[in-house]
Amino acid sequence: MRLSVNNFRYEMEKLTREFFPDEKLEIIESEPVSDCELITELTDKITVSVNLPGFTKTLTAPLCENNELQMGRMLYSLLGEYTGFYLKWGVLTGVRPSKMLILTEKKLGRENAEKHFKNDLLVSDEKYELARSVADHEEKIIALSADNSYSLYISIPFCPTRCSYCSFVSHSVETKKARELLPKYTDLLLKELEITGEIAARLGLRLESVYVGGGTPTTLSAEQLKMLLTTVGNNFDLSSCREFTVEAGRPDTITEEKLTVLKNSPVDRISINPQTFCDSVLQAIGRRHSAQDTVDAFMLARKLGFDNINMDLIAGLPTDTFESFCRSLDTAVSLQPENITVHTLAVKRASNIGANSPEVAAENAESVAKMIDYTYEKLKANYHPYYMYRQSKSAGSLENTGWCVKGKECLYNVFMMEECHTILSCGGGAVTKLKAPQVNEIERIFNFKYPFEYISGFSELTERKKRISEFYNTYS
């Protein structure tokens, strides 16, 4: 599919991809090309044309105060008419709708911001209410952050097997090469943590939260987990730390020994992520455990005293149906975890799932939209949404939402997504995000992406760490 665009390329391309996430899109940025399937043009008027199989239509409108928004609305109208599917977020393409709402309310006031979202951006009533609820909770969490605040992220990019939908940098320890990398990787990660802790202490930074993610951190042995957590405790001042999360994630990596290590450390929040409670879907995505294994792991964690557990589900997994997704959500709710995070499947190029045709994508979008609607109806009685973001190539351009019982919000998720303070990150694929005090400036320091690069380039990586001090000294 080709899009001919001479103005507002980013927004027109992004909006088109929301309707056709799996379609290869060629952008022609020049004078309008008449044989393109999609044409947007800004001259003495706004013109949008769609020429797709069985559908040819052109809309025109006079120039106005916001030509970009008007062009987007026209393209949205035509693509919605062609596909028969209208995006519930309207023409709003941003990753963080709640942040945009907060900013809009500061500029226009709450009542006018609501009108702008619904009438101008075409956001549905239910999505506006979601953004409004999330914004209320996020603002309270953001207020906890100070100029010298930071959070620590630790990356363990290893898993027992690779899920078919996964696009993260994660090595399956089924392979001999990955198993051989793990001990050396762990040793160097401990050294990076020591270096990072020293820098944070020297700068007088205040640690707010710790998040150990992956991959699957509990791919590490109990002894390796103990060394990791001991290193964090020895090199970082945890006296101000509000939350310490470890993604236990895959139930096939969870043992009583590992959970005991976590329980005997400062860790106070874990994730046990089923993604689905349907065994046939688990098999389809490449997981080698059963739904019962997840239940057993959860009950074991409860037995050992964990009282803040998150469970992830994904709407739109291969072979999953509306009915089986609803049963999975019902099962999760019956276990009464403190957090339930519901993701919309986003098919990325780095994953093993093959791309579908636009027609299949549209059908899937409608099914996933029903799943997400059921989520809200099911969870709103006992949980509230506190955290939300959107990913590219997600079905129906829908969102990922974190739900929790009162007082159990994952602080790190909000700190990280809203970029309200620095995130110091360690490990393969990790990205440090430096937030300048009192100003809205972010600078990123990238670690090497893959574990073998992380190991071979460790000396260069430690040199990059020096930029943390230089950055803060600039603003002191």
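Refer to the structure presented above.
Summarised in this report is the structure supplied together with it. Not measured: the values here are computed from a predicted model.

Brief notes about the packing of aromatic side chains
Using the criterion set out here, one finds 18 aromatic pairs in the structure. With 5.9 Å between their ring centres and 55° between their planes, Tyr76 and Tyr86 make a pair best called tilted. Note that Tyr76 is positioned in helix α2 (residues 67–83) and Tyr86 in the loop between α2 and α3 (97–108), a separation of 10 residues in sequence. Residue Tyr76 is classed as buried on the basis of its relative accessible area of 8%. The exposure class assigned to Tyr86 is partly exposed, which follows from its relative accessible area of 44%. Through pairs of rings, three or more aromatic residues link up here, namely Phe158, Tyr185, Tyr454 and Phe458.

Describing the sheet that holds strand β1 (residues 2–5)
One open sheet accounts for five strands, arranged β2-β1-β3-β4-β5; its pairing is mixed. In this open sheet, the two strands that pair with only one neighbour each are β2 (26–28) and β5 (55–62). If you compare each strand with its neighbour and ignore which way they point, the axes differ by 10° on average.

Some points on the nonpolar core
Across soluble globular proteins, you tend to see nonpolar side chains buried next to one another. Ranked by internal contacts, the top residues of the largest apolar core, which has 125 residues, are Leu152, Ile154, Leu189, Leu193, Leu228, Ile270 and Ile272. Counting residues per element, this core draws most heavily on helix α6 (residues 176–203), which supplies 10 residues. Formed by 16 residues, the second largest nonpolar core is a distinct cluster that contains Tyr386, Tyr389, Cys404 and Tyr412.

Some remarks on the pairing of strand β16 (residues 422–426)
Of all five residues making up β16, five are buried, and the element is well covered by its neighbours. On β16, burial covers both faces: Thr422, Leu424 and Cys426 on one face and Ile423 and Ser425 on the other are all buried. Here strand β6 (residues 149–156) runs beside β16; their pairing, made up of five bridges, is parallel. Bridge assignment links Tyr150 to a residue of β16, and that residue is Thr422.

Side note on the side chain of Arg132
Secondary-structure assignment places Arg132 in helix α5 (residues 125–142). In this structure Arg132 comes out as buried when scored by relative accessible area, which is 7%. A polar contact is formed between the side chain of Arg132 and the side chain of Asp136, at a distance of 2.6 Å. Each residue touching Arg132, except ones within four places of it in the same chain, is listed here: Leu101, Glu105 and Arg110.

Section: the pattern of salt bridges
Tallied over the entire structure, the rule returns 32 salt bridges. Residues Arg132 and Glu105 are paired through a salt bridge, measuring 2.8 Å at the closest nitrogen-oxygen approach. Of this pair, Arg132 sits in helix α5 while Glu105 sits in helix α3, placing them 27 residues apart in sequence. No difference in accessibility class separates Arg132 from Glu105, as the two residues are buried.

Quick look at helix α1 (residues 9–19)
Every α-helix winds through 3.6 residues per turn, so residues three or four apart in the chain are directed the same way. If you check which residues of α1 are buried, you get Met12, Glu13, Lys14, Leu15, Thr16, Glu18 and Phe19. Along its buried surface, α1 packs onto β1, β2, β3 (38–42), α2 and β14 (384–390).

Details of the packing of α3 against α5
Taken N-terminus to C-terminus, the directions of α3 and α5 make an angle of 80°; their axes are 8 Å apart at the nearest point. Relative to α5, the element α3 is oriented roughly perpendicular. Between α3 and α5, the residues in contact are Ser98, Leu101, Ile102 and Glu105 and Tyr128, Ala131, Arg132, Val134, Ala135, Glu138 and Glu139, respectively. Each residue belonging to the contact of α3 with α5 can be placed in one class, and the counts come to six nonpolar, one polar and four charged.

Some remarks on the side chain of Thr218
One can find Thr218 in the loop between β9 (206–214) and α7 (222–235). Relative accessible area serves as the criterion here: at 1%, Thr218 is assigned to the buried category. In this structure the side chain of Thr218 is engaged in a polar contact, spanning 2.6 Å, whose partner is the side chain of Thr253. In contact with Thr218, other than residues within four places in its own chain, are Leu225, Glu247, Ala248, Thr253 and Lys258.

Thresholds, definitions, all that
Residues numbered from 1 in each chain as written. Predicted model: local features only at pLDDT ≥ 70, side-chain atom pairs only at ≥ 80, totals over all residues. Heavy atoms only, no water. Phe/Tyr/Trp six-rings, centres within 6.5 Å; stacked < 30°, edge-to-face > 60°. Helix = DSSP H or I, 4+ residues; strand = E, 2+ residues; numbered from the N terminus. Buried < 20%, exposed > 50% of the residue type's maximum accessible area, 1.4 Å probe, protein only. Pairing = 2+ DSSP bridges. Axes fitted to C-alpha atoms, helices over the stretch in contact; angles between N-to-C directions. Core = buried A, V, L, I, M, F, W, Y, C linked by side-chain atoms within 4.5 Å. Polar contact = N/O pair within 3.5 Å; in protein donor to acceptor, adjacent residues only side chain to side chain. Contact = heavy atoms within 4.5 Å. Salt bridge = Lys/Arg side-chain N within 4 Å of Asp/Glu carboxyl O. Parallel < 35°, antiparallel > 145°, perpendicular 65-115°, else oblique. Nonpolar A, V, L, I, M, F, W, Y, C, P; charged D, E, K, R; others polar.

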